Amino acid sequence: MTVPAEKQGDWHRPFAAGASDPGSARAGFSLSGPATLPKKIAVIGSTGNIGVNCLDVVDHLPGRLKIVGISGHANNALLVEQAQRHRPEWVAVTHPDAAARLDRSLLPPGCELLVGADALTRRVGDRSAAIDLVVSAIVGAAGLESTWAALEAGRDVAVANKETLVMAGPLVMDLARRTGARVLPVDSEHSALFQLLQEPGALHRVERLVLTGSGGPFRGRTVAQLRDVTIAEALTHPTWRMGRKITIDSATLMNKALELIEARWLFDMPVSKLDAIIHPESVVHSFVEFVDGSVVAQASPPDMRLPIQYAMTWPDRVSGPTRRLDWKNLSRWTFEQPDRVAFPALDLGLQVAAAGGTAGAVFNAANEVAVERFLGGQLAFLEISQLVSAVLLAHSHDLRPGLDDLKRIDQWARLEARRWQNK
Ligand SMILES: NC(=O)c1ccc[n+]([C@@H]2O[C@H](COP(=O)([O-])OP(=O)(O)OC[C@H]3O[C@@H](n4cnc5c(N)ncnc54)[C@H](OP(=O)(O)O)[C@@H]3O)[C@@H](O)[C@H]2O)c1
C-alpha cells in the first residue's frame, strides 16, 4: 500500500529505526488540523467512560469535531441517547442480543444501524468511509480487531484501548508504519509523554520515561492488609472515575504494568529506560528525563477529557472543557516508590515488556479473566497477580508471532486462567 504524501514523516515514525519523531511530524501536518473541518470522528466504545468523555469534548468543540459514528456493546439506552444528541451517520451495536432488542425507530432519521462486531470492523476498515479519526475506546481484547482494521485502512486512531498495544504492540506499530496511519495516545500517561516529546529530535535524546500512578485505593497497604479486601473497596478509586476493569487494574497496579508495556511499543523504548513512580494526587501524568539530566513533566487535573481532546485536535491545542489547576490552593505534589512486594504486577509487566512476543497477549488475557473472576467473587484480590504469573509461566513463548498466533494464544491463556486454582 502506498502512504499518502501528507502522512509521510508522521509521529509514529520514530519507532522505525533512524526515522523522525513526534516533533518533526509537524512538518507534514497543518497545525490547524485536517484541510476540512469539522474533523469526522468515529468513537467505538462510545457508551463507556472514555467514550462518554470523548463525546463531551466534541460537544464543546462544535465546528472543529463532528461525530460520524458510535458503537456500544450492551447499553442501548445510552447509545440511543448519544445518537439522538450527536446525529451520527451510523450506530453499531456489537452484542447480538442488544442489537435484537434495540428499537430502531428511536434512532434519528437516516442513521444506519450496524449489527455485530464484524460490521463495525468492516466500517472502520472501509477506506471509502467518511472518517478522519477513530477513537478506540472499547475495553479489553475485543478492541483489537476494529483498531487493527482502521489502521490497516491507513486511518488515524486515537488509542485508549491499551490492550491492543499490550497484546500486539510490535505488529500494530509496524502496521501503522506501513499504511501511514497515526497512532495517537489517549491514556493520560502516554499522552503526557507524547506532549513532552513534541520537540524535533526529542525522542532520540531520552534517558528515561517515568510514568506516574496514583497507587490506587490500596496504596500503603501490606500484603497481609490486602488479603481480605472487598470488591467494593477495590472499585473505589481515589482520584479517577473509570470503567470497572481499569479500576481493578489500578488497584492491583496491573494498569501501570499494562501502561509500561504500552509505552515500550508506542515509543519503541527499551525496558531499561522505563520506570514508574507513585504520585497520589494524579496531577503529574509522566516525566521525561533527557540525556543532559533535564527532567520535564506534564501536569493537569485528573480529567481524561484533556488527553482525549489532545488526541483529537493534535497537533493543535484549543480551549476545551477540561478542569483547570487550582493554583490558589496548590501547595504540594508528592511522590513515592511503588511497593513491589505488595504489588508484584509492576515487575511482572516489566518482564513481559522485555520478553515481547506472545508474552503481552498472555499477560493481558490472563489478567482480563482474573479481573472477571475477582469481580465474580471467585478470586481473592492477591490471587489476581498470582493467576497471571502462573499462566505466564505455563505458556510457551514465541518471539515473533503473527496476528493469528496472538489470537490463538489469547484463547489458550483465557482457558488456563479460567481453570486456575490456587494450590
Ligand atoms: N476510563 C479511563 O479513564 C481510561 C483511561 C485510560 C485508558 N482507558 C482504556 O480505555 C478503554 C475503555 O475504558 P473505559 O473505562 O471507558 O471502559 P468501560 O467504561 O467499561 O467502557 C467500555 C466500552 O466498551 C464496550 N464494550 C464492552 N465489551 C465489548 C465487546 N466485547 N465488544 C465491543 N465493545 C465492548 C462497552 O459497551 P457497553 O457499555 O454498551 O456494554 C463500552 O462502550 C480500556 O481499554 C481502558 O483500559 C480508560
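This text follows the structure it describes.
Residues numbered from 1 in each chain as written. Predicted model: local features only at pLDDT ≥ 70, side-chain atom pairs only at ≥ 80, totals over all residues.

(A) Representation of the overall build of the chain. Of regular secondary structure, the chain possesses 16 helices and 11 strands. Relative to its length of 423 residues, the chain is compact, with a C-alpha radius of gyration of 21 Å against a globular reference of 22 Å. Overall, the chain is about 55 × 55 × 50 Å in size when its C-alpha atoms are taken along their principal axes. The contacts of the chain with a sequence gap of at least 6 include a subset with a gap of at least 24, amounting to 71%. (Helix = DSSP H or I, 4+ residues; strand = E, 2+ residues; numbered from the N terminus. Rg over C-alpha atoms; globule rule 2.2 N^0.38 Å. Contact = placed C-beta atoms within 7 Å.)

(B) Layout of the pairing of strand 3 (residues 90-93). The two faces of strand 3 match: W90 and A92 on one face and V91 and V93 on the other face are all buried. In the sheet, strand 2 (residues 65-72) pairs with strand 3 via 4 bridges, with the strands oriented parallel. Within strand 3, the residue paired with G72 across the bridge is V93. Remark: the strand 2/helix 2 (residues 76-86)/strand 3 crossover connection has right-handed handedness. Relative to strand 4 (residues 112-115), strand 3 runs parallel, the two sharing 4 bridges. (Buried ≥ 20, exposed ≤ 12 C-beta atoms within 10 Å, placed from the backbone. Pairing = 2+ DSSP bridges. Right-handed = clockwise from strand over helix to strand, strands pointing away.)

(C) Fine view of helix 6 (residues 162-179). With 18 residues, helix 6 extends only 20 Å from end C-alpha to end C-alpha; this falls clearly short of the ideal 26 Å at 1.5 Å per step. With 13 of 18 residues buried, helix 6 lies mostly within the body of the structure. A positive backbone phi angle near 85 degrees is found at G180, which sits one or two residues after helix 6. (Expected span 1.5 Å × (residues − 1).)

(D) Spotlight on the site of the ligand. In the vicinity of the ligand, 27 residues are found, and the nearest of them are G48, H73, N75, M242 and G243. Counting only elements with at least two residues in the shell around the ligand, the list comes to helix 1 (49-60), helix 6 and helix 10 (244-252). Per-element tally for the shell around the ligand: the top contributor is helix 1, with 3 residues. The residue makeup of the shell around the ligand, split by class, is 12 nonpolar, 11 polar and 4 charged. When we break the shell around the ligand down by domain, the ones giving at least three residues each are domain 1 (35-185) and domain 2 (201-325 + 333-419). (Near = placed C-beta within 6 Å. Nonpolar A, V, L, I, M, F, W, Y, C, P; charged D, E, K, R; others polar. Domains from an automatic or database assignment.)

(E) The arrangement of helix 7 (residues 188-196) in detail. Counted residue by residue, helix 7 has 9 buried out of 9 residues, so it is predominantly covered. Of all the residues in helix 7, the buried ones are S188, E189, H190, S191, A192, L193, F194, Q195 and L196.

(F) The pairing of strand 9 (residues 274-278), seen in detail. Going residue by residue along strand 9, you find L274, A276 and I278 tucked away on one face and D275 and I277 left uncovered on the opposite face. Where strand 8 (residues 206-213) and strand 9 come together, 5 bridges link them in parallel fashion. Following the sheet pairing, L211 is matched in strand 9 by A276.

(G) Focus on the environment of V229. Secondary-structure assignment places V229 in the loop between helix 8 (223-226) and helix 9 (231-234). For the pair V229 and F381, spaced 152 residues apart in the sequence, the C-alpha separation amounts to 6.7 Å.

(H) Looking closely at the sheet that holds strand 10 (residues 284-290). Strand order in the open sheet formed by 4 strands is 9-8-10-11, with mixed pairing between adjacent strands. Because the sheet does not close on itself, it has two edges, and the strands there are strand 9 and strand 11 (295-299). Sheet twist, expressed as the mean angle between neighbouring strand axes with direction ignored, is 20 degrees. Across 5 bridges, the pairing between strand 8 and strand 10 is antiparallel. The residue bridging L211 from the neighbouring strand is S286, located in strand 10. Where helix 7 meets the sheet, it contacts strand 8, strand 10 and strand 11, and its direction lies at approximately 40 degrees from that of strand 10. (Axes fitted to C-alpha atoms, helices over the stretch in contact; angles between N-to-C directions.)

(I) Broad picture of the environment of G220. Within the fold, G220 resides in the loop between strand 8 and helix 8. Looking at G220, the number of C-beta atoms within 10 Å reads 11, which means it is exposed. Placed 122 residues apart in sequence, G220 and A342 show a C-alpha to C-alpha distance of 8.9 Å.

(J) The nonpolar core, seen in detail. Counting 116 residues, the largest nonpolar core has I41, V43, V135, A158, V362, A366 and A370 as its most contacted members. Ranked by residue count, the leading element in this core is helix 14 (residues 359-375), at 10 residues. Lining this core are residues from two domains, each supplying at least three of them: domain 1 (35-185) and domain 2 (201-325 + 333-419). Beyond its immediate stretch of four places on either side in the chain, A158 contacts L133, V135, S136, L184, V186, A311 and M312. (Core = buried A, V, L, I, M, F, W, Y, C linked by C-beta atoms within 7 Å.)

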